[in-house]
Amino acid sequence: MVKLLFHIVSGALGLFLASRFVPGVEFTGTYKTLLIAGGILGLINFFIKPLLDKITLPLRVLTFGLFSLIINMFLVWLVADVFFPGEIEIHGLIPLFWTTLILWALNFFLGLYHSKK
């Protein structure tokens, strides 16, 4: 349960940081919308991403793990352009890459914090 909470917090914080610091990422909604988007992203990362990781295991092995970056980029795009098309705008692959990298880093460091306890 705590891991799910970390995924939700890192999703909301990552989207907020990306909208502030990554050119090409715009957020025009309220903070409530940002929390909901982070919650959806956290739920997708917690429940659906492990299934996608298992399904795409041969591709991840062939690409030495780089295909997991494509999976993460797809999930961020899914939340931004499918669930919140008017509030979160990511213009291009490079801003999507940096947004995904921010989210990955937050998940990584919050995971380290969680594993220490």
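What counts as what
- The residue numbers shown here count from 1 along each chain, following its written sequence.
- Per-residue local features are limited, in this predicted model, to residues with pLDDT of at least 70; the limit for side-chain atom pairs, both in listing and counting, is 80 or more; totals at the level of whole chains, interfaces and linings are taken over all residues.
- Side-chain numbers come from the whole structure's heavy atoms, not from hydrogens or water.
- Numbered from the N terminus, helices here are DSSP runs of H or I no shorter than four residues, and strands are runs of E no shorter than two.
- Atoms considered for the radius of gyration are the C-alpha atoms alone. The globule rule reads 2.2 Å times the number of residues to the power 0.38.
- Two residues form a contact once any of their heavy atoms are found within 4.5 Å.
- Computed by Shrake-Rupley with a 1.4 Å probe, the accessible areas treat only the displayed protein chains as cover when residues are assessed.
- Relative accessibility decides the category of a residue: with a 1.4 Å probe and only protein chains considered, values under 20% of the type maximum give buried, values over 50% give exposed, and everything between is partly exposed.
- Throughout, nonpolar core names a set of buried Ala, Val, Leu, Ile, Met, Phe, Trp, Tyr and Cys residues whose side chains join them through atoms within 4.5 Å.
- A pair of Phe, Tyr and Trp rings is counted when the ring centres sit within 6.5 Å of each other, with Trp represented by its six-membered ring. The angle between the planes then sorts it: under 30 degrees is stacked, over 60 is edge-to-face, the rest tilted.
- Nonpolar side chains (Val, Leu, Ile, Met, Phe, Trp, Tyr) are joined into patches within 5 Å and like charges within 9 Å, using only residues with over 30% relative accessible area and no salt bridge.
- Definition used for salt bridges: Asp or Glu carboxyl oxygen within 4 Å of a side-chain nitrogen of Lys or Arg.
- Each helix should span, by expectation, one fewer than its residue count multiplied by 1.5 Å.
- Throughout, bend refers to the angle between the axes fitted to the seven residues that end at a position and the seven residues that start at it.

(A) Structural view of the overall build of the protein chain. Tallying secondary structure elements over the protein chain gives 5 helices and 2 strands in all. The order of helices and strands in the protein chain, counted from the N terminus, is α-β-α-α-α-β-α. Compactness check: the protein chain gives a C-alpha radius of gyration of 14 Å against a globular reference of 13 Å for 117 residues, within 12% of the reference. Principal-axis analysis of the C-alpha atoms gives the protein chain an extent of 40 × 35 × 20 Å. For the protein chain, contacts bridging at least 24 residues in sequence account for 70% of all contacts bridging at least 6. On the protein chain, roughly 7300 Å² of surface is accessible, and the fraction owed to carbon and sulfur atoms is 77%.

(B) Broad picture of the side chain of Asp53. By the secondary structure assignment, Asp53 is in helix α2 (residues 31-55). Judged by relative accessible area, Asp53 falls into the buried class, the value being 16%.

(C) Summary view of the environment of Phe97. On the secondary structure map, Phe97 appears in helix α5 (residues 93-116). As for Phe97 and Met73, which are separated by 24 residues in sequence, their C-alpha atoms are 6.5 Å apart. Once residues lying within four places of it in the same chain are set aside, the contact partners of Phe97 are Leu69 and Met73.

(D) Just the nonpolar core, in detail. Residues Leu15, Ala37, Leu41, Val76, Val79, Ile88 and Ile90 are the most contacted members of the largest nonpolar core, which totals 20 residues. Only α1 (2-21), α2, α4 (67-83), β2 (88-90) and α5 provide two or more residues apiece to this core. Per-element tally for this core: the top contributor is α4, with 7 residues. Leaving out residues up to four positions away in the same chain, Leu41 has contacts with Gly11, Leu15, Leu75, Val76, Val79 and Leu103.

(E) Structural view of the packing of aromatic side chains. Counted under the stated rule, the structure contains 6 aromatic pairs. Consider the rings of Phe97 and Trp98, whose centres lie 5.3 Å apart with planes at 70°: the pair is edge-to-face. The exposure class assigned to Trp98 is partly exposed, which follows from its relative accessible area of 43%. Members of the aromatic cluster, connected to one another through ring pairs, are Trp104, Phe108 and Phe109.

(F) A look at a nonpolar patch on the surface. Together, Ile94, Trp98, Leu101, Trp104, Phe108, Phe109 and Leu112 make up an exposed nonpolar region whose accessible area comes to about 730 Å². Relative to the elements of secondary structure, Ile94 occurs in helix α5.

(G) Seen up close, α2. Along its 25 residues, α2 runs 34 Å from first to last C-alpha, staying within 8% of the 36 Å computed at 1.5 Å per residue. The sharpest bend along α2 comes to roughly 45°, located at Ile48, with the proline Pro50 sitting one to four residues further on. Of the positions making up α2, those classed as buried are Thr33, Leu34, Ala37, Gly38, Gly39, Leu41, Gly42, Ile44, Asn45, Lys49 and Asp53.

(H) Representation of the environment of Gly29 in the model. Looking at where Gly29 falls in the secondary structure, it is placed in the loop between β1 (25-27) and α2. On the accessibility criterion, Gly29 (26% relative accessible area) is partly exposed.

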